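Each chain, letter by letter, is given below.
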Amino acid sequence: MKVEQISIFIENKSGRLAEVTHVLGTAGVNIRALSLADTSDFGILRLIVDKTDQAKSALKAGGFTVSKTEVVAVEVPDRPLGLYGILEVLDRGKVNVEYMYAFVERCGGNAVIIFRFDNPEEAIRVLTANGVGVLAGERVYSM
Amino acid sequence: MEKAISTMRFYEEQMRIWDPLNECMGREELAMLQFTRLRDTLNRAYRNVPCYQNKFRSLGLVPEDIKGLSDLPLIPFTTKEDLRLNYPYGMFAVPLREVVRIHSSSGTTGKPTVVGYTRHDLNTWSELVARFMTAAGVTEDDIVHIAFGYGLFTGAFGLHYGAERIGASVIPMSSGNTDKQLMIMQDYRSTAVVCTPSYAMTMADRMEKLGIDPASLALKVGLFGAEPWSEEMRREIEQRLGIIATDNYGLSEVMGPGIAGECLHRCGMHIFEDHFIAEIIDPETGEVLPSGATGELVLTSITKEAFPMLRYRTRDITRLDYTPCACGRTHVRMKKTMGRSDDMLIIKGVNVFPTQIEEVLFQVEGCEPHYQLVIEREGTMDTLEVQVEVNEAIFFDEMKKQRAFVDLLEKRLFSALGVGARVKLVEPSSMPRHEGKAKRVIDRRHL
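The topology assignment puts Asp142 of chain B in the loop between helix 6 (119-135) and strand 3 (143-146). The contacts of Asp142 of chain B, once residues within four sequence positions are left out, are Gly137, Ala168, Ser169, Thr191 and Lys220 of chain B.

Attention shifts here to the packing of helix 3 (residues 27-48) of chain B against helix 4 (residues 50-58) of chain B. Residues and elements named next belong to chain B. Put simply, helix 3 and helix 4 touch, their axes get as near as 5 Å, and they point 100° apart. Judged on the interaxial angle alone, helix 4 and helix 3 are roughly perpendicular. Contacts between helix 3 and helix 4 involve Leu42, Ala45, Tyr46, Arg47 and Asn48 on the former and, on the latter, Pro50, Tyr52, Gln53, Phe56 and Arg57. A per-class count over the contact of helix 3 with helix 4 returns six nonpolar, two polar and two charged.

Turning our attention to the packing of aromatic side chains. This structure, assessed with the given rule, holds 11 aromatic pairs over all chains. Note on Tyr150 of chain B and Phe157 of chain B: the rings are 5.1 Å apart at their centroids and 75° apart in plane angle, and the pair reads as edge-to-face. Taking the relative accessible area as the measure of exposure, Tyr150 of chain B reaches 25% and is therefore partly exposed. Each ring, one from Phe224 of chain B and one from Trp229 of chain B, has its centre 5.7 Å from the other, and the planes form 85°; the classification is edge-to-face. In terms of burial, Phe224 of chain B and Trp229 of chain B fall into one category: buried. A network of ring pairs unites the aromatic residues Phe9 and Phe42 of chain A together with Phe395 of chain B as a single cluster. Residue placement shows Arg440 of chain B over the ring face of Tyr371 of chain B; its charged tip is 4.3 Å from the ring centre.

Reading the values: rules and limits
- Residues numbered from 1 in each chain as written.
- Chains lettered and ligands numbered in written order.
- Predicted model: local features only at pLDDT ≥ 70, side-chain atom pairs only at ≥ 80, totals over all residues.
- Heavy atoms only, no water.
- Helix = DSSP H or I, 4+ residues; strand = E, 2+ residues; numbered from the N terminus.
- Contact = heavy atoms within 4.5 Å.
- Axes fitted to C-alpha atoms, helices over the stretch in contact; angles between N-to-C directions.
- Parallel < 35°, antiparallel > 145°, perpendicular 65-115°, else oblique.
- Nonpolar A, V, L, I, M, F, W, Y, C, P; charged D, E, K, R; others polar.
- Phe/Tyr/Trp six-rings, centres within 6.5 Å; stacked < 30°, edge-to-face > 60°.
- Buried < 20%, exposed > 50% of the residue type's maximum accessible area, 1.4 Å probe, protein only.
- Lys NZ or Arg CZ within 6 Å of the ring centre and 35° of its normal.

Remember that the coordinates give geometry; whether it matters functionally is a separate question.
See below:
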C-alpha cells in the first residue's frame, strides 16, 4: 500500500529546479506530485513520478543526490473537515505525521494527499481500520 | 602455529631497513657527521652562490664562524623569495654541465622555482626514497603504481627512481584518468600505490561508483604525500582501499620526496638526518624553538651538490620527536604536517588549519572529504563558511534531520576550532576534483 517517493537535494541557486525537471523530462519521466521544502541554502524536492527507478538513475547520472523513501497516499474527502477527519483518526491512533503534501489529481470524489509517517505500516493499519482509503503505488503512478 | 610463523615472517620482512648503517647511526656519531657535512656545504655554497655570499657578508659572517652545530642559528634563512629572485639558475652551486636533471616546484603563485641535481644528487635522492619506501614495507616483490604527474614536479620521478632502486616493478602511470588507473590496478595487480591522499580518496569514490571491491585488488600499501592530510583521512583511506596508508615528506626546493618518511610504526616521519638538518622555528619571529615545540620546519641540506639549501624555511608546520622509535632508526621523527604557515588561516584572531576541519568532517559517518573553506570579511568581522558536498549518506529526506546534521557539524567545528564556522551543504561535484594538490581555501578577505 506504500508509494515510492524520490527526494532530491537542491542547492538554492537559480536554475537548479529547472535542471531537475529537464533531466526528468528528457528521461521520459512524468511528475505526478511534488513538494519543495527549502531553507536559505538548500531545498529538498520530493516527487512522486510515473517511473521512480528511471527518474532516480537519470538524476543520479545528472549529478544530483537522490534518495528514495516510502510515503502513503491517502484519499481525503473533498469537503470542509475532510482533511480534519483523517488527521483526527491519525491523532487518535497516535500516528505522527512527518510531512504531507497534496496530489495534483483527484481520485473520484476525493483529493489525494501524500503523507510521510515515521511508521508507515502502523499508519496504514490505523487508516484502513477507520475506513479511510489508501491508494496503492501502481494506482498513484498512473493517475 | 604455522600461521604465527608466517605472520612473524611477514612482519620481519616488512620491518626491513634499507640502509641500517646510516639510518640507525648513534646520535653522537650522527652529530659529528652532520657538522662535517654542514661545513663542506657552507664552504661550497659561500664560494659558488652569490645569494649566500651576500647574505653572509651583510651579517659580517664567514663560513669559519660556524664552529659547531649549535652555531646553526647564526646562518641566515633562505626563503622562497630568494629562489624567485635568483630564477632560474642563480642558486645553483655547480656549473650547468654538471647538472643532469632539472625539476621545479609546483609554482602555484608566480614563477616556479628551478632546482637541479648532479648525478651524485640523483643517486642520493634514489637512496633516500628507497629508505622510506622500504620503511613502508615496499620490497623488490612489489608492483609500484605511480599516480603522481610526471613532469617538472619532483614527486613522480623521485618515487620512480627510489622504487627502481629497491628493485620493485614500477608502473609509471602518471596522474589523471581514474578509470584507467583502476583498470591497470586490477589487471597489472599493483601492490603499492603512490599519489596524493586526496587523489586516493577520488579513486576510492570512483571504485565505489563502479562497484569495485577493494578486496579484489592486490594493493597492500599506499605512499601518500605532497599535501597535508589528517589521521582521520588516513583511516578513511585505509578502510576504503583496504591498504596501509603511509605518509612521506619532501619539498622540491630541498630535494623532493625522500626528506622524511614513516616506518610501519607510523608515529611520525623519520627525517633522514645524515642528509638534512632539521630545526623548528617560530614562524613569526624566526626564533629557534625548544625540542618538542610546534612551529615551522627549517631544513638545511648537507649533501646536495647542485642545489644546496641553507636553513630553508619550508613553511610547513610540524613538531619534532627525538624519542627513540621502536623500529630501531635513530633519526628524528616529524609529526604529520598540520598545514603551512602560509596556509594557516587567522580567523577572528584564531589560528585555523584546513586539516582540523577535515578531521571533524571525517568523524561524521558517511561524510566525504569534498569540502572547501570560504573566508570573507563582513565589516570588520571574519566569517568562515565550510562548504560540504552532500552525498547519499548525509542527505535526509526530512528537513529537520537535515538541519540537525548541519547543526551537529557546526557544533563540532566550533569545539575543534574555537571559532564559529557556518556549514553550507552544496550539491555533489560542486567543487573541482583534484589530481594533484587539493585547493581547499578561498580567502576573499583581500579582494
